Amino acid sequence: AVQYAASRPMVGVPFSIRPHIRNQSGGIVDGDVELFIDDKKVGQQRLDSLAGGRWATPTFYHTFDDGGWHSGFVQVADDSLANDNRRYFAFEVLDSVKVLAVNGAPSGVPRLDELFFLKAALGASASGTGPIDITTALPNSLANSDLTGIRVVILANVESLPSLAVEKLETFVDQGGSLLVFLGDKINTSF
């Protein structure tokens, strides 16, 4: 039996696929596990001495060159019960991730600005253009910010937010958006 577990892939970022493979026979088996993406074999690993009733979780890494929908399958190369030894998948590969970073302590001195190091880390890439698209906002403007297409909102040392902004964030998270909160010296603990 083959099952897989995966997170959301992005263009240019190594992506891991970890199939969960179970030997349902009573004996010990050896075999190859193969990964196919868009009709191309992109990986193969050997399973040695997998005992009956036990699981193996090999890890494959793949970097996508283009965004959009991709399909594939993981299979155990075994002639017996071939239909049980293959699992298909399809997922959307993101070209980029849009992030809204709310700056709770802006500063004219770059290294003292609350978002300076965060933007440097999220924007770092070998090509100079990263897959993370960062927009910044101040806490007062969050209630009027358009969150369409935003995948992650980051609150960086934000003391507090107006009630409309809190409601907007609650709706954003309820609809599947991610919220990341970094604490700091400006935080109002009662808020």
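Above this text you will find the structure in question.
What comes next concerns the included structure.

The rules behind the values
Residues numbered from 1 in each chain as written. Predicted model: local features only at pLDDT ≥ 70, side-chain atom pairs only at ≥ 80, totals over all residues. Heavy atoms only, no water. Helix = DSSP H or I, 4+ residues; strand = E, 2+ residues; numbered from the N terminus. Rg over C-alpha atoms; globule rule 2.2 N^0.38 Å. Buried < 20%, exposed > 50% of the residue type's maximum accessible area, 1.4 Å probe, protein only. Contact = heavy atoms within 4.5 Å. Areas by Shrake-Rupley, 256 points an atom, 1.4 Å probe, with all protein chains shown as cover. Lys, Arg positive; Asp, Glu negative; His and termini not counted. Charge placed at Lys NZ, Arg CZ, Asp CG, Glu CD. Pairing = 2+ DSSP bridges. Axes fitted to C-alpha atoms, helices over the stretch in contact; angles between N-to-C directions. Salt bridge = Lys/Arg side-chain N within 4 Å of Asp/Glu carboxyl O. Patch = residues over 30% accessible without salt bridge, like charges linked within 9 Å, V, L, I, M, F, W, Y side chains within 5 Å. Core = buried A, V, L, I, M, F, W, Y, C linked by side-chain atoms within 4.5 Å.

### A look at the overall build of the protein
So, point 1. Looking only at helices and strands, the protein has two helices and 12 strands in total.
So, point 2. Secondary structure elements of the protein occur, N-terminal to C-terminal, as β-β-β-β-β-β-β-β-β-α-β-β-α-β.
So, point 3. Relative to the globule expectation of 16 Å for 191 residues, the C-alpha radius of gyration of the protein, 22 Å, shows a markedly less compact shape.
So, point 4. Principal axes of the C-alpha set define a box for the protein whose edges measure 65 × 40 × 25 Å.
So, point 5. Within the protein, the fraction of its 191 residues that count as buried is 34%.
So, point 6. In the protein, 62% of the contacts between residues at least 6 apart in sequence involve partners at least 24 apart.
So, point 7. Entry remark: accessible area of the protein is about 11400 Å², with carbon and sulfur atoms responsible for 50%.
So, point 8. Charged side chains of the protein number 15 positive and 22 negative; the gap between the two group centres comes to 3 Å.

### Regarding the sheet that holds strand E4 (residues 40–50)
So, point 1. Reading across from one edge, E4-E3-E7-E8 is the order of the four strands in this open sheet, with antiparallel pairing throughout. A single partner strand is all that each edge strand has here, and the edge strands are E4 and strand E8 (86–93). Sheet twist, expressed as the mean angle between neighbouring strand axes with direction ignored, is 15 degrees.
So, point 2. With eight bridges connecting them, strand E7 (residues 68–76) and E8 associate as antiparallel partners. The partner of Phe73 across the bridge, within E8, is Tyr88.

### Observations regarding the pattern of salt bridges
So, point 1. Across all of its chains, the model carries three salt bridges by this definition.
So, point 2. Salt-bridge contacts for Arg46 lead to Asp32; the nearest nitrogen and oxygen are separated by 3.4 Å. Taken together, the positions of Arg46 in strand E4 and Asp32 in strand E3 (residues 29–37) put the pair 14 residues apart, joining distant regions of the chain.
So, point 3. When the shortest N-O distance is used, the salt bridge between Arg46 and Asp48 registers 3.3 Å.
So, point 4. Judged by relative accessible area, Arg46 falls into the partly exposed class, the value being 49%.

### Here we look at a negative patch on the surface
So, point 1. A surface patch of like charges, here negative, comprises Asp38, Asp39, Asp65, Asp66 and Asp95.
So, point 2. Residue classification places Asp39 among the exposed positions, given a relative accessible area of 76%.

### Brief notes about the pairing of E3
So, point 1. With seven of nine residues buried, E3 lies mostly within the body of the structure.
So, point 2. Both E3 and E4 contribute to a ladder of eight bridges, which runs antiparallel. Considered in E4, the bridge of Asp32 is made with Arg46.
So, point 3. In this antiparallel pair of consecutive strands, E3 and E4, the connection spans two residues, and Asp38 shows a positive phi of 50 degrees.
So, point 4. Bridge count for E3 against E7 is five bridges, and the pairing is antiparallel. In the strand pairing of E7, Val33 is matched with Val76.

### Quick word on the nonpolar core
So, point 1. Counting residues in each nonpolar core, the largest one holds 17 residues, and the members touching the most others are Ile17, Val33, Leu35, Phe89 and Phe91.
So, point 2. Within the residue set of this core, elements represented by two or more residues are strand E2 (15–22), E3, E4, E7 and E8.
So, point 3. Contact partners of Leu35, with chain neighbours within four places excluded, come to Ile17, Lys40, Lys41, Val42, Gly43, Phe60, Phe73, Val74 and Phe89.
So, point 4. Counting 13 residues, the second-largest nonpolar core is a separate cluster that includes Val102, Leu142, Leu147 and Phe172.

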